[in-house]
Amino acid sequence: MIALDGVTAHSGDFALRDVSVAIAAGEWGIVLGPAGSGKTTLLETIAGVRRTSAGRVRLRGQDVTTLAPELRRVGIVYQHGYLFPHLSVEENVGYAADARAHVREVSERLGVDPLFDRPVASLSGGERQLVAVARALAPAPDILLLDEPFAALDPRRRVRLRVELQRMHRERGMTVLHVTHDFTEAGTLGDIAVVLEAGRVIQVAAPSVLFRKPATAAVADFLGADNVFAGQVTRSAASGMSELDTLLFEGDGIRLTGVGTHGGGQGHAVIRGEDVVLARQHSMPSSARNVLEGTVAEVAPQGVLARVTVAMGAATLVAVVTDASVRELGLARGVAVVASVKATAVHVC
Amino acid sequence: MTRGTAHRAAAMSVMGGALILLALLVLPVAALVWRGGAEGVRQLGSDGELQHALLLTAAAATSATLVVMLLGTPLAYLLARNRMPGGSIVAALVELPLIIPHPVAGIALLLVFGRGTPMGAALARAGLGIVGSPLGIGLAMLFVSAPLYVSAAREAIARVEPRYEDVARTLGDTPWRAVRRVTLPLAKRGLFAAAVVMWARSVSEFGAIVILTYNPKVASVLSYDRFTAFGLDAALPVAAVLVLLALVPLLVLRSLRSEARATTSAP
């Protein structure tokens, strides 16, 4: 278990401020955030190589705020590996005194053993990351911190390492905190995701919730939401039967009806491209609360999918549809279309 | 004047300036070795005083260097990692002997370690007399040359990425063990080069030594002594041998640098 409570830590001029996060034992946590948001500093603070100036860090339920890194039993893998260049690959993997028993096993499972006799200087970036992961795992830590460990790996090795790490995670009951920029990786591996921005936690949620209901427009933007509009939110009368309200949004040249919780006033409406349905004309009466007319401004093919940008006066709406839909509907620049979005697909934040 | 002619004139001016400086640096040394080298090497076999002076010079320089490596490496580490309170002031204090004229350094040492001072008297009673002893020679060498070692060692350690130590700590190393297993091996080439520079500077020291310990004579003092007592011709062989001795660390440094270049250019 990893728990930070109101932690502030400095790294040069940068500061991680008032960070509170909890990853339960055996969970795989994901850390997301733009460059310079404090992801690496967060891992280093947990590992103990960065001192906290406020707050508490607890590992396995024990307060380790003032405990030295060598006593925390935490493995850390940096993005650049930081393999010891004066040692062989085998010596790197077996660096920790209590790693001897697991060196062979971990190396074979990760496919590092063929590299044993190679000097570190001759390894590629991906091989370095692989060795760095093996080195961190060799002492069998029950807490593993990963800073973009797959970034330099080729696709084949990336999948192999991901699968093997997932297997070890289950077998050993490890708690993992993993920094990544890969949203697919986040969705595949993560039980819980933490979003950092400028040294502060701005959202903690399951990855599926995070992508559907980002806490702020900045989170939505970072997570690659196709449509983020800024404007004014008005609450309609609450039903009293649930915590959710019907919300009316107007801004950036578009009017939308959504469902959610919002106090009203300034806000943002977020719509995922996959939730926008396109038609060539108004269909039968439907349950969709948002039906918008527009003209196709651009069709960008992306494999079996296509991003269709629809111009609606001052606003544009992006829909993600299949290439079969593009062909069947004859979607092309200048074609008039009707876009439908359910109120429940409009996330107001 | 065309652009091509201007470029040629500028290139020739630069080349001419470089040649003048090179001549100023090389000619006196070359003349010294030319005039006294062969005789110096010949005298090495028969001149007992020269043999003794050279041995004393090498032994004192080596001792001073070893002591500074032992005491100066931890200081260089603390300065390199900004872990010393008032680090910039300490760094300036360490470099102070570099800007003091060396005879003045000798006088300053005399004020602390001279026979009439409490420290000098205490050391003399313990059989560690500084003035007029090999210990004084080593102390003078240490005082004027240690800043060179500490500065170069600090740079060598600063070049080692601190995250290597962080990783070693997460793998179970204590701070000292991480430094011993990771930082020092990675900085060893730079530390050795720093020691060579210090040793070379110690070998050539004269000003501070001559104030503190005229006798027994190191090679630089012997060269000066023969010059004042017997003239240029008598001083030449000793001076030339001293130059040849100084060439040794210079060659070591050159080979260290070319080895470092070969390592860093490896794929």
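Given the structure is predicted, the values throughout are model-derived calculations rather than measurements.

### Some words on the overall build of chain A
Okay, step 1: Check the secondary structure of chain A and you find nine helices and 20 strands.
Okay, step 2: Seen through its principal axes, chain A has C-alpha atoms that stretch 70 × 45 × 35 Å.
Okay, step 3: Looking at chain A as a whole, 40% of its 349 residues are labelled buried.
Okay, step 4: The long-range share in chain A, meaning contacts at least 24 apart out of those at least 6 apart in sequence, stands at 66%.

### Brief notes about the overall build of chain B
Okay, step 1: Across its full length, chain B carries eleven helices and zero strands.
Okay, step 2: For chain B, the α and β elements follow one another from N to C terminus as α-α-α-α-α-α-α-α-α-α-α.
Okay, step 3: The C-alpha extent of chain B, read off along each of the three principal axes, is 75 × 65 × 35 Å.
Okay, step 4: When burial is assessed residue by residue, chain B has 36% of its 267 residues classed as buried.
Okay, step 5: Taking the intrachain contacts of chain B between residues at least 6 apart in sequence as the baseline, contacts between residues at least 24 apart amount to 74%.

### Topic: the confidence of the model for chain B
Residue and element names in this part refer to chain B.
Okay, step 1: Predicted confidence across chain B gives a mean pLDDT of 91, with 96% of residues reaching 70 or more.
Okay, step 2: Low confidence marks residues 263–267, where pLDDT is under 50. Its contacts with residues over four positions away, or in another chain, come to two contacts.
Okay, step 3: Overall fold confidence for the complex sits at a pTM of 0.81, while the interface term, ipTM, reaches 0.81.

### Quick notes on the sheet that holds strand β5 (residues 62–63) of chain A
All names here are of chain A.
Okay, step 1: One open sheet holds the four strands; their spatial order is β2-β1-β4-β5, and the pairing between them is antiparallel. Looking at which strands have only one partner, the edges of the open sheet turn out to be β2 (14–23) and β5.
Okay, step 2: Two strands pair when backbone bridges link them, and strand β4 (residues 52–59) and β5 are joined in this way by two bridges, in the antiparallel orientation. In the strand pairing of β5, Arg58 is matched with Asp63.

### Examining the environment of A:Gln281
Residues and elements named next belong to chain A.
Okay, step 1: Mapped onto the elements of the fold, Gln281 is located in the loop between β15 (277–279) and β16 (290–302).
Okay, step 2: You can call Gln281 exposed: it has 8 C-beta atoms within 10 Å.
Okay, step 3: Counting along the chain gives 165 residues from Gln281 to Phe116, while the straight-line C-alpha distance between them is 65 Å.

### Overview of the interface of chain A and chain B
It is common to give the size of an interface as the accessible area lost on bringing the parts into contact.
Okay, step 1: Across the boundary between the two partners, chain A contributes 19 residues, which contact 15 residues of chain B.
Okay, step 2: Here the side of chain A that touches chain B takes three residues from strand β6 (residues 74–77) of chain A, the largest share from any one element.
Okay, step 3: Looking at side-chain class alone, the side of chain A that touches chain B contains 14 nonpolar, three polar and two charged residues.

### Some words on the pairing of β16(A)
Residues and elements named next belong to chain A.
Okay, step 1: Here six bridges tie β16 to strand β19 (residues 336–341), and the two strands are oriented antiparallel to one another. Its bridge partner lying in β19, Gly294 is registered against Val337.
Okay, step 2: Summarising the sheet, β16 and strand β17 (residues 305–312) pair through seven bridges and their orientation is antiparallel. Within β17, the residue paired with Thr295 across the bridge is Ala311.
Okay, step 3: Between β16 and β17, which pair antiparallel and follow one another directly, the connecting turn spans two residues, one of which, Gly303, has a positive phi of 70°.

### Quick notes on helix α6 (residues 134–158) of chain B
All names here are of chain B.
Okay, step 1: Between the first and last C-alpha of α6 there are 35 Å, a value that for 25 residues agrees with the 36 Å anticipated at 1.5 Å per step.
Okay, step 2: Within α6, the axis deviates most sharply at Ser145, by approximately 45°, and proline Pro147 lies no more than four positions further along.
Okay, step 3: Within α6, 20 of the 25 residues are buried, which leaves the element mostly enclosed by the surrounding structure.

### A few points about the pairing of strand β8 (residues 175–179) of chain A
All names here are of chain A.
Okay, step 1: Here β8 lies mainly inside the structure; five of its five residues are buried.
Okay, step 2: Here β8 shows no split at all, with Thr175, Leu177 and Val179 on one side and Val176 and His178 on the other all buried.
Okay, step 3: Alignment of strand β3 (residues 28–32) against β8, held across four bridges, turns out to be parallel. Paired with Ile30 across the bridge in β8 is His178.

### Considering the sheet that holds β15(A)
Residues and elements named next belong to chain A.
Okay, step 1: Taken in spatial order, the five strands of this open sheet run β15-β19-β16-β17-β18, and their pairing is antiparallel. The open sheet has two edge strands with one neighbour each: β15 and β18 (315–322). Strand-to-strand twist across the sheet, computed as the mean angle between neighbouring axes with direction ignored, equals 45°.
Okay, step 2: Alignment of β15 against β19, held across three bridges, turns out to be antiparallel. Opposite Val277, over in β19, you have Ser340 as the bridge partner.

### Digging into the packing of helix α7 (residues 162–170) of chain B against helix α8 (residues 175–203) of chain B
Residue and element names in this part refer to chain B.
Okay, step 1: Between α7 and α8, the shortest axis-to-axis distance is 9 Å and the interhelical angle comes to 155°. Taken as axis vectors, α7 and α8 run roughly antiparallel relative to one another. In terms of crossing hand, the pair formed by α7 and α8 is right-handed. The residues of α8 that touch α7, namely those facing Tyr164, Glu165, Ala168 and Arg169, are Ala178, Val179, Arg181, Val182, Thr183 and Leu186.

### Side note on helix α4 (residues 102–113) of chain B
Residues and elements named next belong to chain B.
Okay, step 1: Its twelve residues place the ends of α4 16 Å apart at the C-alpha level, agreeing with the 16 Å of an ideal helix rising 1.5 Å per residue.
Okay, step 2: What α4 keeps buried is the set Ala105, Gly106, Leu109, Leu110 and Phe113. Looking down the long axis of α4, one finds its buried residues gathered within 145° of arc, a one-sided arrangement.
Okay, step 3: Those residues of α4 that are buried are in contact with α3 (87–99), α5 (118–125), α6 and α9 (207–212).

### Digging into the nonpolar core
Okay, step 1: By size, the foremost hydrophobic cluster in this structure holds 160 residues, and its most contacted members are A:Ala134, B:Ala140, B:Tyr149, B:Ala194 and B:Leu212.
Okay, step 2: Ranked by residues supplied to this core, first place goes to α6(B) with 15 residues.

### Concerning the packing of α4(B) against α6(B)
Residue and element names in this part refer to chain B.
Okay, step 1: Interaxial distance between α4 and α6 falls to 10 Å at its minimum, and their mutual angle equals 125°. Judged by the angle between their axes, α4 and α6 are oblique. The hand of the α4/α6 crossing is right-handed. Contacts from His102, Ala105, Gly106, Leu109 and Phe113 in α4 reach Leu139, Ala140, Phe143 and Val144 in α6.
Okay, step 2: Its residues assigned to classes, the contact of α4 with α6 comprises seven nonpolar, two polar and no charged.

About the cut-offs
Per chain, residue numbering runs from 1 following the sequence as it is written. Whichever chain is written first becomes A and whichever ligand is written first becomes 1, with later ones labelled in order. For this predicted model, a pLDDT threshold of at least 70 governs which residues receive local features, and a threshold of 80 or more governs which side-chain atom pairs are given and counted, while totals over whole chains, interfaces and linings are taken from all residues. Comment: elements are numbered from the N terminus, with helices defined as DSSP H or I runs of at least four residues and strands as E runs of at least two. Exposure classification rests on a simple neighbour count of other C-beta atoms within 10 Å of a residue's own: a residue reaching 20 or more is buried, one at 12 or fewer is exposed, and one in between is partly exposed. C-beta atoms are placed from the backbone. Placing C-beta atoms from the backbone, we regard two residues as in contact once those atoms come within 7 Å. Confidence of the predictor at the level of single residues is captured by pLDDT, which takes values from 0 to 100. When DSSP finds two or more bridges between a pair of strands, those strands are recorded as paired. In this classification, the charged set is Asp, Glu, Lys and Arg, the nonpolar set is Ala, Val, Leu, Ile, Met, Phe, Trp, Tyr, Cys and Pro, and all remaining amino acids, among them Gly, are polar. Expected helix span is computed as 1.5 Å times (number of residues minus one). The term bend refers to the angle at a residue between two fitted axes, each drawn through seven residues, those ending there and those starting there. Only the stretch in contact is used when a helix axis is fitted, and all axes are lines through C-alpha atoms; the angle between N-to-C directions ranges over 0 to 180 degrees. Geometric relationships in this document are graded by angle, where less than 35 degrees denotes roughly parallel, more than 145 denotes roughly antiparallel, 65 to 115 denotes roughly perpendicular, and other angles denote oblique. Each crossing gets its handedness from the near helix: less than a right angle anticlockwise from the far helix is left-handed, clockwise is right-handed. The arc under discussion is defined with respect to the helix axis, by the directions toward the C-beta atoms. Here a nonpolar core is just a set of buried residues of the types Ala, Val, Leu, Ile, Met, Phe, Trp, Tyr and Cys, joined wherever their C-beta atoms sit within 7 Å.

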